Amino acid sequence: MDHLISSSIKYMNNIFFVRHENDLEFMMPLIINNGSSFIVVYGDLGKEAFKRIELNNIDYVSIYKSSYLLTFLYRFLYKFTKGIIHENIIKYYNSIFINSTKIILTKYIKEIPLDMCQSVLFDHTSSEVALSLIELLKDYKKRNSLKFKLVSVPHGVGTIVNTMCDYINTEPVILKGFNVYDLIVCNDRQQFDTFVRSGISAEKLITIGSLRYTKKWVKQLLQKSQVVNSTTDETNILIVHTKFMGNINAREVERCLSVLNNFDGFNIRIKSHPRGGLKEAMALAKCYKDVDVVTEDVVGNIAWSDYVIFFGSSVVYDAFILDKPVLFPSYAVTNQLSEEILNGVVCLNTPDDFYKAIDEIFNGADVGLNYEYHNNYKKIMKSWEEALV
């Protein structure tokens, strides 16, 4: 069970709209430290996520279950047509799904304590479903003379400075639809500037650090971890999978596994990406003679490891906090890491560099940097308090 980390937090009443377990992961420190939280689930949340909500005695309502069949149908069509769904079918599906979601929220809206809340929080999304929900919330707010703020919060932490971070991007990303929010919380200055470039008024923006990547919160997650530390003398390596569509060269990542195949005495695990990354991770596992794919408890698995290999995931902050050396095969990625990240990782610019680093590790050398990650939990929490009041 998660516990309150600070008893000095002001009593707040906030409602969190959650669509994925990854969003819950980043919202949870705020939810737990919130005086009175209520969660509205409007996406496909896994069983473990619901279990976590219930263990913490957090009130919630799910408006997703009633539209499950529509989502299942969409996924079936997507798979059946190999991802090529006719535009008219997509529009037709979206209209049905959105109308269904509106009807469901209208049905449950009286169960949501909107009249007592200060802020309603969504992750950084402007999806058609989210916008339709926000439209209903705004209408309900107006009709009932309520004063809650609509807030968009990050569902991760930025590690790269470029905005074209997906193979489908052919020009710098412009974020659309975010003007519906009263307040948008940014990770860093780069994200702040991206919103400004997208036409969002700077008055709506505020930059606050992540509570998820603080030493206090990571320590708490580690205390709950069920990952068993290794008792052998073999070197444990955790590969943090990032989906290939995010400017990652799949062939080079596969080659990393093939290089590791040249050496005996390594325990290898691959941590799959939480948003639909299991299939890619399982395919990667076939490139190595003996590898485990893990889907949960990233903090516990980083603590288990001696070295972390990463390709841009924000999980790198967990490695920093737990003092684990991080290898970054930069030649496999076309994204530019932030200066903060580059200062803390061993940057390997060629496959030869990667081979040399693995060879040195195999022969007992320490490969890593003396990097100390700094954060201030109390200061970050105070910023959240002031933003959501």
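Keep in mind that this is a model prediction, so the values were computed, not measured.

### So, unusual backbone geometry
The backbone phi angle of N247 is positive, close to 65°, even though this residue is not glycine. Examined against the element boundaries, N247 turns out to sit in the loop between β8 (235-240) and α8 (250-260). Given a relative accessible area of 7%, N247 falls into the buried group. Backbone geometry places D323, a non-glycine residue, at a positive phi of 60°. Assignment of secondary structure puts D323 in the loop between α11 (316-321) and β12 (326-329).

### Some words on the pairing of β8
Summarising burial for β8: six of the six residues are buried, a large majority. The handedness of the β8 to strand β9 (residues 266-271) crossover, carried by α8, is right-handed. As defined by bridge partners, β8 adjoins strand β11 (residues 307-310) across four bridges and the pair is classed as parallel. Its bridge partner lying in β11, I239 is registered against I309.

### A look at the sheet that holds strand β4 (residues 119-123)
In spatial order, the strands read β3-β2-β1-β4-β5-β6-β7; together these seven strands make up an open sheet with parallel pairing. Every other strand in the sheet has two partners, leaving β3 (59-62) and β7 (205-207) as the edge strands with one partner each. For this sheet, the mean angle separating the axes of adjacent strands, direction not counted, is 25°. Bridging between strand β6 (residues 183-186) and β7 involves three bridges; their strand directions are parallel. Bridging across to β7, I184 finds its partner in L205.

### Let's talk about the pattern of salt bridges
All told, the structure shown has eight salt bridges when counted by the stated rule. For R52, the salt bridge is made with E25, and the minimal N-O distance between the two is 3.0 Å. Placement of R52 in helix α2 (residues 47-55) and of E25 in helix α1 (residues 21-32) is noted, with a sequence separation of 27 residues between them. Between D318 and R212 there is a salt bridge, and its shortest N-O distance comes to 2.8 Å. Here D318 is found in helix α11, whereas its partner R212 is found in the loop between β7 and α7 (215-224), with 106 residues between them in sequence.

### Points about the confidence of the model for the protein
Here the protein averages 85 in pLDDT, and 87% of its residues register 70 or above. When the criterion is pLDDT under 50, residues 3-11 qualifies, and its contacts beyond four places in sequence or with other chains add up to 19 contacts.

### Some details on the packing of aromatic side chains
This model, assessed by the stated rule, comprises 15 aromatic pairs. Note on F178 and F195: the rings are 5.1 Å apart at their centroids and 75° apart in plane angle, and the pair reads as edge-to-face. Highlighted residues: F178 in the loop between β5 (149-153) and β6 and F195 in helix α6 (residues 189-197), separated in sequence by 17 residues. Judged by its relative accessible area of 1%, F195 is buried. Among the aromatic side chains, those forming a connected cluster through ring pairs are F17, Y42, F122, F178, Y181 and F195.

Rules of the game
- Residues numbered from 1 in each chain as written.
- Predicted model: local features only at pLDDT ≥ 70, side-chain atom pairs only at ≥ 80, totals over all residues.
- Heavy atoms only, no water.
- Helix = DSSP H or I, 4+ residues; strand = E, 2+ residues; numbered from the N terminus.
- Buried < 20%, exposed > 50% of the residue type's maximum accessible area, 1.4 Å probe, protein only.
- Right-handed = clockwise from strand over helix to strand, strands pointing away.
- Pairing = 2+ DSSP bridges.
- Axes fitted to C-alpha atoms, helices over the stretch in contact; angles between N-to-C directions.
- Salt bridge = Lys/Arg side-chain N within 4 Å of Asp/Glu carboxyl O.
- pLDDT = per-residue confidence, 0-100.
- Contact = heavy atoms within 4.5 Å.
- Phe/Tyr/Trp six-rings, centres within 6.5 Å; stacked < 30°, edge-to-face > 60°.

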